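Take a look at the letters that make up each chain.
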Amino acid sequence: MPAIKNVNVSHPFSDQKPGTSGLRKSTKKFLEKHYLEIFIESILSSLDNVEGSTIIVGGDGRYGNDNAIKKIVQICSAHKVGTIIVPTRGLLSTPAASNLIRDYSAIGGIILSASHNPGGLEGDFGVKLNVSNGGPAPEFVTEKIYTYSQSLTSYKLIDVEIPNLKDEGSFTIHQTKLEIIDGVQSYVSLMEDIFDFDQIGDFLKNDFSIVFDAMNAVTGPYAKRIFVDRIGLSDQCLLNSEPMPDFGNLHPDPNLTYANKLADLLLNKKLYSFGAACDGDGDRNMILGKGCFVNPSDSLAVITANTGLVPGYKKGISGVARSMPTSMAVDVVAKELDIPCYETPTGWKFFGNLLDSGKITICGEESFGTGSNHVREKDGLWAVLFWLQILAQKKCSVTDLMQNHWLHFGRNYYTRHDYESIPSEVAHQIYQDLENQLQKLNGAHFASSVITQADNYSYVDPIDKSLSDKQGLRLVLDNGSRIILRLSGTGTKGSTLRLYFERPSKSQNDLFLDPQIALKDLIIGIDHLLNIKQLTKMNIPTVIT
Ligand code: G1P
Ligand code: ZN
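Residues numbered from 1 in each chain as written. Chains lettered and ligands numbered in written order. Predicted model: local features only at pLDDT ≥ 70, side-chain atom pairs only at ≥ 80, totals over all residues. Heavy atoms only, no water.

A. How the structure looks around the site of ligand 1. Around ligand 1, a shell composed of 16 residues is seen, among which Ser367, Ser488, Gly489, Thr490 and Arg498 lie nearest. Between ligand 1 and the protein, one listed contact pairs an oxygen atom with a side-chain N or O atom of Arg416 at 3.5 Å. Contact with the protein chains covers 99% of the free accessible surface of ligand 1, which is 380 Å². (Near = heavy atom within 4 Å. Polar contact = N/O pair within 3.5 Å; in protein donor to acceptor, adjacent residues only side chain to side chain. Areas by Shrake-Rupley, 256 points an atom, 1.4 Å probe, with all protein chains shown as cover.)

B. Seen up close, helix α13 (residues 380–394). Taking 1.5 Å as the rise per residue, α13 with 15 residues should run 21 Å; its terminal C-alpha atoms sit 22 Å apart, in good agreement. Among the 15 residues in α13, 13 count as buried, and that is most of the element. By the N-cap criterion, in which a side-chain oxygen at the helix start approaches the backbone nitrogen of a residue two or three places on, α13 is capped by Asp379, the distance to Leu381 being 3.5 Å. One or two steps after α13, the chain reaches Lys395, where phi turns positive at roughly 50°. (Helix = DSSP H or I, 4+ residues; strand = E, 2+ residues; numbered from the N terminus. Expected span 1.5 Å × (residues − 1). Buried < 20%, exposed > 50% of the residue type's maximum accessible area, 1.4 Å probe, protein only.)

C. Summary view of the pattern of salt bridges. Applying the stated criterion across every chain yields a total of 28 salt bridges. Linking Arg225 and Asp182 is a salt bridge whose minimum nitrogen-to-oxygen distance equals 3.2 Å. Highlighted residues: Arg225 in helix α8 (residues 219–230) and Asp182 in the loop between β9 (176–181) and α6 (185–194), separated in sequence by 43 residues. Arg225 sits in the partly exposed class, given a relative accessible area of 24%. Judged by its relative accessible area of 23%, Asp182 is partly exposed. (Salt bridge = Lys/Arg side-chain N within 4 Å of Asp/Glu carboxyl O.)

D. Summary view of the packing of helix α10 (residues 296–305) against α13. Closest axis-to-axis distance for the α10/α13 pair is 11 Å, and the angle between their directions is 55°. The angle between the axes of α10 and α13 places the two elements in the oblique class. Every pair of crossing elements has a handedness; the one defined by α10 and α13 is left-handed. Contact with α10, carried on its side by Ser299, Val302 and Ile303, involves Trp382, Phe386, Trp387 and Ile390 of α13 and no other residues of that element. Of the residues belonging to the contact of α10 with α13, the class tally is six nonpolar, one polar and no charged. (Axes fitted to C-alpha atoms, helices over the stretch in contact; angles between N-to-C directions. Parallel < 35°, antiparallel > 145°, perpendicular 65-115°, else oblique. Left-handed = near helix turned anticlockwise from the far one by under 90°. Contact = heavy atoms within 4.5 Å. Nonpolar A, V, L, I, M, F, W, Y, C, P; charged D, E, K, R; others polar.)

E. Layout of the environment of Gly472. Along the chain, the position of Gly472 falls in the loop between β23 (467–468) and β24 (473–477). Each C-alpha atom, one on Gly472 and one on Asp455, is 8.2 Å from the other, the two residues being 17 residues apart in sequence. Setting aside chain neighbours within four positions, we find Gly472 in contact with Met324, Asp455, Asn456, Tyr457, Leu485 and Arg486.

F. Structural context of the coordination of the zinc ion (ligand 2). Coordination of the zinc ion (ligand 2) by the protein comes from Ser115 (OG), Asp279 (OD), Asp281 (OD) and Asp283 (OD), over a distance range of 2.0 to 2.1 Å. In this structure, the zinc ion (ligand 2) is coordinated by four donor atoms arranged in irregular fashion, with angles at the metal of 87 to 163°. Here the donor residues of the zinc ion (ligand 2) share one chain and are spaced in sequence as S-x163-D-x1-D-x1-D. (Donors = N, O, S within 2.8 Å, 3.2 Å for Na, K, Ca; no water. Tetrahedral: all angles 85-135°; square planar, octahedral: opposite > 155°, others 65-115°.)

G. The sheet that holds strand β26 (residues 495–504), seen in detail. Taken in spatial order, the seven strands make up an open sheet running β20-β21-β24-β25-β26-β19-β27, and their pairing is antiparallel. Strands with a single pairing partner mark the edges of an open sheet, and in this sheet they are β20 (445–446) and β27 (543–544). For strand β19 (residues 412–422) and β27, the ladder comprises two bridges, and the chain directions are antiparallel. By the bridge assignment for β27, Asp418 is matched with Val543. (Pairing = 2+ DSSP bridges.)

Structure representation (structure tokens):
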């Protein structure tokens, strides 16, 4: 039997603090000697009952995926993990990982992904830990991992060759079983339990054309199994469906800037009735109709309003939750449905306790993330199927569905402006400037209204009572408008400033404006207050959603 090898490292790493979603760094950083290994050793040190347990390992296929998986298998074996489950080709979307953790009663999963950040040698890499409920590790766990990483100067591994990950099979490494499985099947079965694929198929084959852009990332194989093999559409409906280590140079973030080819097909050329895209690791989604972009905050509201049309939710939903910067469109729906609506800080990990305790069924974020209690992650393909099921039931277009929704519930005009990778000093200066002014802004006139609340958002988890403070600067106006400013916790270059603008519609005659026009007073007002254009030397944000 191969022996356990101890590897000494000359110094611990001081920069392995997980952000909004795991540890995310440049690919080159992760290739530094012992960098990945120490983080994995820190993860295993922070988990209880590792010996004999089951752990899921997989990733979004970006550069370094396979090597990292093999290294993790070696380290997990040295820690006497009982079973390691790895999907073929090492490909595992984040929601599918969440599902496998729950399916196998694993103590957790290690997901290799930098989500929507570019991949390849010049791009980013990342490691996320999900815990036994299938969801992202909560803050007290990531803090523990960080603490270990700052003092660890050695790790252990079993130094044996790991089989290639191409084919399914069962292997023994030291005392550990390595199972290479079909990573797609169990996720597709879960989708089939929730949705009526036959009804969706009948609708799509009847003159309702769709196109799905996998952005050369992980959702390609899942989409192929669902739309082509199971629902029976031609594979012409799939774009960029072969996962590539550098995502074919695409930036796998499904928004109007980075998925601009898809946006052009739907919004300008109007070639399809429905279009959708997912991000690198498959947890985000963008929904488009012919000539119609669906804002993710609206998507959450539409999904919540229509759960009765989807077989998996026919029994009703207990409640909903949205992240603080997400628009309040879903609050309006929840009020009518007479169910609770929770507000949480940014990041999926804050939904975990609410889902586990059964307080909510559906949740979402403005950043193209929607999901439910079927897993403990946001789920891109689930959202796409949800939309298709609603459309198949109602037999209508995306535009009709959106317009009818606004006519019934009113509209929350919404936009997010991202200033990406700006110098950190500039981002912090702008943030600090607003934070310093909060007190005096309370009660001040702003954009033809009055600021009734100016604060730095803090949250007490209703279940475990943990406090998360400094979660975003927020200005709430008398007319229901909101402006929020945050610094991104997922970027790897400089700092990214995010500004969120929202205003509720005033009447039935105020429903169909371009959001940039509808929100212009707020947008101009905040620039006036903080001098953003001048300080960032940018006339327009990098990404407008
Ligand atoms: C971003 C999004 C956030 C999401 C996270 C992970 O985080 O804004 O909603 O949960 O990515 O997908 P941020 O970069 O803003 O910290
Ligand atoms: Zn993602």
